[in-house]
Amino acid sequence: MSLFSRHLADAEIIEGLLAGGVTRLTAENRLYGKYLFLIRDGVRKHQLSDDDCATIYADTILAAIEQISSGRFEGRSELRTYLYQIFTNKCVDFIRKKTTNRQSVHQAISLDDSLMQLPDSARSVVQKLIDQSDWERLLQQLRSLGEKCYQMLLAWGEGYSDEEIAQQMSYHTASVAKTSRLRCLERLRDAYNQIKK
């Protein structure tokens, strides 16, 4: 693809993202599909798993959509270069966080270790209470995201694929459903982070 063709394709995607509605969804889908090769690059260059790279890629796309929509992407570089930089930074952040978490795990006594010190009968009761409390908190947070996110994340949690979710919830494609699902997960993560503060 020539440089001119790439710029034209980038301009169409950016214009679509700014348009909103169905046009925006189509542009999001195109953007997501166009740079999937970054997942392979992340696996090769950063020695991360396919799943980790796919999650980082989805975060990258969401960040880029947000940057473009808010006008912070000035177009001084190609969209490909811009996404590559965001993706690389997120990979490095992920590796740092993973390394930091590994170190902190060795310094603290986990809840699981504490549970193991209890007698069997008490352990199972405490674990059931923890599980029930976590589940209730999760459902409460899911409901706060709105009905669409609630239904989508419950279906995904029950093992439905993005393709099946797209059909059930009338999305155009599985990619659009995945982008929406990842947005909902991001909102859920933010909600949990607010509780921790």
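The rules behind these values
Residues numbered from 1 in each chain as written. Predicted model: local features only at pLDDT ≥ 70, side-chain atom pairs only at ≥ 80, totals over all residues. Heavy atoms only, no water. Helix = DSSP H or I, 4+ residues; strand = E, 2+ residues; numbered from the N terminus. Buried < 20%, exposed > 50% of the residue type's maximum accessible area, 1.4 Å probe, protein only. Contact = heavy atoms within 4.5 Å. Expected span 1.5 Å × (residues − 1). Arc of directions from axis to C-beta. Disulfide = S-S within 2.5 Å. pLDDT = per-residue confidence, 0-100. Phe/Tyr/Trp six-rings, centres within 6.5 Å; stacked < 30°, edge-to-face > 60°. Salt bridge = Lys/Arg side-chain N within 4 Å of Asp/Glu carboxyl O.

## Looking at the overall build of the protein chain
- Broken down by element type, the protein chain carries ten helices and zero strands.
- Across the 197 residues in the protein chain, those meeting the buried criterion constitute 32%.
- The contacts in the protein chain between residues at least 6 apart in sequence include a share of 59% that link residues at least 24 apart.

## Structural notes on helix H2 (residues 21–34)
- The first and last C-alpha atoms of H2 sit 20 Å apart over 14 residues, in line with the 20 Å expected at 1.5 Å per residue.
- When we look at burial in H2, the residues that qualify are Ala27, Glu28, Leu31 and Tyr32. Summarising the axial view, the buried residues of H2 lie within an arc of 135 degrees, below the 170-degree limit, and thus occupy one face.

## Quick word on the state of the cysteines
- Applying the stated criterion to the full structure yields one disulfide.
- Note on cysteine connectivity: Cys149 is disulfide-linked to Cys184, with sulfurs 2.0 Å apart. One disulfide, between Cys149 and Cys184, carries an S-S torsion of -75 degrees and so falls in the left-handed class. Of the two residues, Cys149 sits in helix H8 (residues 147–157) while Cys184 sits in helix H10 (residues 174–196), which places them 35 residues apart along the sequence.
- Cys53 takes part in no disulfide bond, and the closest cysteine sulfur, belonging to Cys91, lies 5.1 Å away.
- Overall, the relative accessible area of 0% leaves Cys91 in the buried class.

## Description of the confidence of the model for the protein chain
- In the predicted model, the protein chain carries a mean pLDDT of 77, and 77% of its residues have values of at least 70.
- Across residues 104–111, confidence stays below pLDDT 50; counting only partners more than four residues off in sequence or on other chains, it has two contacts.

## Some details on the packing of aromatic side chains
- Summed over the entire model, instances satisfying the criterion amount to three aromatic pairs.
- Between Phe73 and Tyr82, the aromatic rings sit 4.5 Å apart at their centres with planes inclined by 50 degrees, giving tilted as the arrangement. Taken individually, Phe73 and Tyr82 each receive the classification buried, so the pair is uniform in this respect.

## Structural notes on unusual backbone geometry
- In this structure, Gln47 is a non-glycine residue whose phi angle is positive, near 55 degrees.
- Structurally, Gln47 is set in the loop between helix H3 (37–46) and helix H4 (50–69).
- Classification of Gln47 by relative accessible area gives exposed; the value is 66%.

## Digging into the pattern of salt bridges
- Tallied over the entire structure, the rule returns ten salt bridges.
- Close ionic contact of Glu28 with Arg183 constitutes a salt bridge, the shortest N to O distance being 2.3 Å. A residue pair is termed long-range when its members are at least 10 positions apart, and Glu28 in helix H2 and Arg183 in helix H10 qualify at 155 residues.
- Ionic pairing is found between Glu66 and Arg72, a salt bridge with its closest N-O pair at 2.3 Å.
- Of the residues examined, Glu66 reaches a relative accessible area of 40% and is grouped as partly exposed.

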